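If you want the building blocks of each chain, they are given just below.
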Amino acid sequence: MLFRSVEISPYDPEKHVWVIDREGAQIFKFTNDGKKIALKLGEKGVTGTDKYHYNWPAGLTFLPDGSFFVADGYRNARVVKYDKNGKYLSEWGSMGDGPGQFNLVHGVAVDAQHRLYVSDRGNNRIQVFDANGKFIEQWPNARTSQIGR
């Protein structure tokens, strides 16, 4: 298992620990003590582009209501949104360099207005979206691998 990211939602009173297994194409939510898996998304070693399969996911971030976004961008080119229970809500993105297109979605972060900042590493920019995936703006010449850390 190659951990790509370890996160704790600032809004979770139980402080679950989220782990992305990049090459295993899975996302885990553990109890804070690490003894139990509270949620598992993806299937070990099975890549894809459907609601619950990824291809080298890179990061995740949270909204105050517990919903979360997954940057599925090493080999896919999308952002996937789930509710607090891991139920698929939506996704957006495709390979390219236009608004809402990506070339290596590498990180995601959310601000107080619930705008989502997406590190589009291969296109050397950050794209900004609302919480429903509507494109707002882009910041060119922003070479970043991580955002929100």
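Residues numbered from 1 in each chain as written. Predicted model: local features only at pLDDT ≥ 70, side-chain atom pairs only at ≥ 80, totals over all residues. Heavy atoms only, no water.

Re the sheet that holds strand 6 (residues 68-72)
Item 1. As summarised here, the arrangement of the four strands in space is 5-6-7-8, forming an open sheet in which the pairing is antiparallel. At either margin of the open sheet sits one strand with a lone partner, and together these are strand 5 (59-62) and strand 8 (88-92). Strand-to-strand, the axes of this sheet are offset by a mean angle of 20 degrees, without reference to chain direction.
Item 2. Relative to strand 7 (residues 78-82), strand 6 runs antiparallel, the two sharing five bridges. Along strand 7, the bridge assignment pairs Ala71 with Val79. (Pairing = 2+ DSSP bridges. Helix = DSSP H or I, 4+ residues; strand = E, 2+ residues; numbered from the N terminus. Axes fitted to C-alpha atoms, helices over the stretch in contact; angles between N-to-C directions.)

With respect to the environment of Val17
Item 1. Relative to the elements of secondary structure, Val17 occurs in strand 2 (residues 17-21).
Item 2. If sequence neighbours within four positions are ignored, Val17 has contacts with Val6, Glu7, Ile8, Phe28, Lys29, Phe30, Thr31 and Asn32. (Contact = heavy atoms within 4.5 Å.)

Considering unusual backbone geometry
Item 1. The residue Trp56 is not glycine, and still its phi comes out positive at about 65 degrees.
Item 2. Position of Trp56 relative to the elements: it lies in the loop between strand 4 (37-41) and strand 5.
Item 3. Judged by its relative accessible area of 17%, Trp56 falls in the buried class.
Item 4. Unlike most non-glycine residues, Asn124 shows phi in positive territory, near 55 degrees.
Item 5. For Asn124, a relative accessible area of 27% translates into the label partly exposed. (Buried < 20%, exposed > 50% of the residue type's maximum accessible area, 1.4 Å probe, protein only.)

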